[in-house]
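# Structural characterization, general
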Amino acid sequence: MSSSTALAQLVCLPAPRLLTTMPMGGQVGTSVDIKIAGENIEPGDELSFSNPAITAKPKLGKDGLPVSGQYVVTIAKDCPPGIHEARVMTRLGISSTRAFNVGALPEATQTKANTSLETAMKLDLNSICNAVMTKQKVNFYTFDANKGQRIIVDCAAKGIDSKLNPVVIIADEQGMDLQVERRGGMLDFQVPETGKYVVKLHGLTYDGGPHHFYRLALKNVGKGEVVARMPSIQKVSAFSWPPAGLTDKAIQPEAEPNNQHAQAQKITLPCDITGNFFPAADVDTFEFTAKKGDVWWVEVASERLGRPTDPSIVVQLVSGQTPNEKITDVVELSDISSPVKVSSNGYSYDGPPYNAGSSDILGKVEIKQDGLYRLQLRDLFGGTRNDPKNIYRLVIRKATPDFALIGWALHMNLRNGDRNALSKPIALRAGATMPIEVVVVRRDGFDGEIELFMDNLPNGVTAAGLKIPKGKSRGIVVVSAEGSAPRGLTSAQFFGRATIDGKEVTRTCRMASMQWPVKNAWSEVPSPRLMADVPVSVSNSELAPITISPAENKVWEVTAGEKLTLPLTHERRSDFSGANITLKTYGAGFEKVPAFDAPLTADKSQAVLDLAALKTPPGEYKIAFYGYAVVKYQENLEAVAAAKTALMQAKQDAEGLATEAKKLAEIAKTAPDAQRKNSETAAKAAAEKAKTAQASIATADKQLKSAAAKARPKDIVDIIVSTPITIRVNPAKKAK
């Protein structure tokens, strides 16, 4: 399908998305009422969390029935503090997630407007308030403090999935500003006099609304106490830190002053050093001796620790003595480049909208001669920053080959159509196959093949890893649900496996998702982040529009250099716009298979794989075919059927009650005087029931029309992926 065909179409079949929870967290060992909102979430859906120590039950109203969108969440005493994930199991499967915070402080929730000094909400010291920013307004809070107290005001917003860029101000009782923070940092306030103080909070551009939520912490801390920020979600780049096996046992601090060459800190390799880019323009200098032929790997984490830094290293050979010292540059190390080309506009345009690279450092230093070497570490933007919290970790080690993996739901690349960067949960319709793109950061020279696999999947769901080939940085995992798969949800385990130095090594693959569904290039910049776990669901409420699979579930064999014809079957459950789907191929060794058309109006097609042209060497391979198709999607046909049944039943009930009322009215007319009053009362009651039944018909008819309107076919372009196919390429027979 050409990209122009997709122009103006809706992109991707509807998926459930959890957008807000209020409040956004709670205190460990307590229960809290939570109200949620989102897309394709219906009353009665089940709220759950990534940690089993957090549980939820529907909140019941006075009538004993569940209140739509409201839950009672219980946080166990042994629940670890920090960021967890909230999500909802819906008719269409598991929703996208929203950060849920667990802490040790008592919590409050903003329930009334506090947009003036007169309506300010009073806060207790050592507490957290959950709130929503009021658009084009300022939110006001007050607190009491004593002279000399050290008060920390910390506002969590971007770090908890909010769209808010907060400006936080501490003011005096009259509202006059004393301290301001505009960059998302926390305020450290020394109380000048005992009395009442004000916290004012607004968006950087005075934006607001339900998606601009925040958690405001007010803490009374000791002098000199190091205060941690409230827990925050992690950027995608953080997946590659820390290296496997890294501990704090050998860690040592940098020793200031070490900016000048003469002050260089003497170190012995290997080493593990922690420091910070402080004060502004700080350059940390280290010296070590090394021998010719040594190879050292240098890794720096700072941006991956959540800091707004861009580390850079220069390693130099030092010869001679001061003042005749001679400096020779050996290597300059900077960014960890993205494993794959990232989309040029941040959306799925000409590459993935996820950047798995980092401004941190991972590089090699090759020693060409014996001598003294000097390493200078700086933040490239450090001249404009003066924050002691801009920490780093510097690790210099001998080669320890390894790898780190990150995956995300594959997005569409529609050059002239919608630029989508959607939060896409692994919510499978029965009969569907979903592609997960996986990329790797390779450490210390490792370039081997990586096998991808998933465990603990719902019943009827399988995953096939199409491998990351030797020396490559990208692979695909296809997750498939059988057409008869029952509804289910699990927290899956996602791994990559490789052989390093003769030993099998298994590493966890992290998952990433968009914080918010971005449907086109004009709405907002996408904001991807890491997830806490890998929820996978299957739903049989709506089935996949089409399932493309091989005619037989077997290993397909072919001799190297020959052709393999693969018969495919199409199990169609929907209509499509367009007669054909153009299919390409996933899978190492077969990605150069020419695109071919498969009919969307037929039950069969075939793929011809020319091994002579592909030059695929002997071995066993897994492949899948994929393409885009415009589905005539009909939403929730079950609701239409249920509404029809309800209308039919309402009509039958009304007809029966009307007949009964007429019969009782006739009886009342001829009843003896002693029984007439009771007969008339019964007839009147029956008539009222018949009248109510007629009203029920009108309600049922309205519900049917609403369900039918929603179920009218809509053109939605979606990714169609075949079930995986296993191919064994046998060696060609040698000529005698």
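What this report covers is the structure whose coordinates are included nearby.

### Remarks on the pattern of salt bridges
Applying the stated criterion to the full structure yields 42 salt bridges. Between Asp-248 and Arg-393 there is a salt bridge; the shortest N-O distance is 3.2 Å. Note that Asp-248 is positioned in the loop between strand S20 (213–221) and strand S21 (252–253) and Arg-393 in strand S30 (residues 391–397), a separation of 145 residues in sequence. For Asp-248, a relative accessible area of 53% corresponds to the exposed category.

### Details of the sheet that holds strand S17 (residues 177–181)
The sheet built from 5 strands is open, its strands ordered S12-S14-S19-S16-S17 with mixed pairing. Taken across any chain shown, the strands that pair with only one partner, and hence form the sheet edges, are strand S12 (121–122) and S17. Here strand S16 (residues 166–171) pairs with strand S19 (residues 195–203) via 6 bridges, running antiparallel. Note on S19: the bridge partner recorded for Ala-171 is Val-198.

### Let's talk about the packing of aromatic side chains
All told, the structure shown has 12 aromatic pairs when counted by the stated rule. Ring geometry for Phe-288 against Tyr-373: centres 6.0 Å apart, planes inclined by 15°, an arrangement best described as stacked. One end of the pair, Phe-288, is in strand S24 (residues 283–290); the other, Tyr-373, is in strand S29 (residues 371–379), and 85 residues separate them in sequence. We note that Phe-288, like Tyr-373, is buried. For the ring pair Tyr-586 and Tyr-626, a centre distance of 3.9 Å and an interplane angle of 10° mean the geometry is stacked.

### Let's talk about the sheet that holds strand S11 (residues 107–109)
If you walk across this open sheet you meet the 5 strands as S11-S13-S20-S15-S18, and the pairing is mixed. Since the sheet does not close on itself, it has two edges, and those belong to S11 and strand S18 (187–190), each with one partner. Going from strand to strand, the sheet's axes swing by 20° on average, the running direction of each strand aside.

Analysis parameters
- Residues numbered from 1 in each chain as written.
- Predicted model: local features only at pLDDT ≥ 70, side-chain atom pairs only at ≥ 80, totals over all residues.
- Heavy atoms only, no water.
- Salt bridge = Lys/Arg side-chain N within 4 Å of Asp/Glu carboxyl O.
- Helix = DSSP H or I, 4+ residues; strand = E, 2+ residues; numbered from the N terminus.
- Buried < 20%, exposed > 50% of the residue type's maximum accessible area, 1.4 Å probe, protein only.
- Pairing = 2+ DSSP bridges.
- Phe/Tyr/Trp six-rings, centres within 6.5 Å; stacked < 30°, edge-to-face > 60°.
- Axes fitted to C-alpha atoms, helices over the stretch in contact; angles between N-to-C directions.

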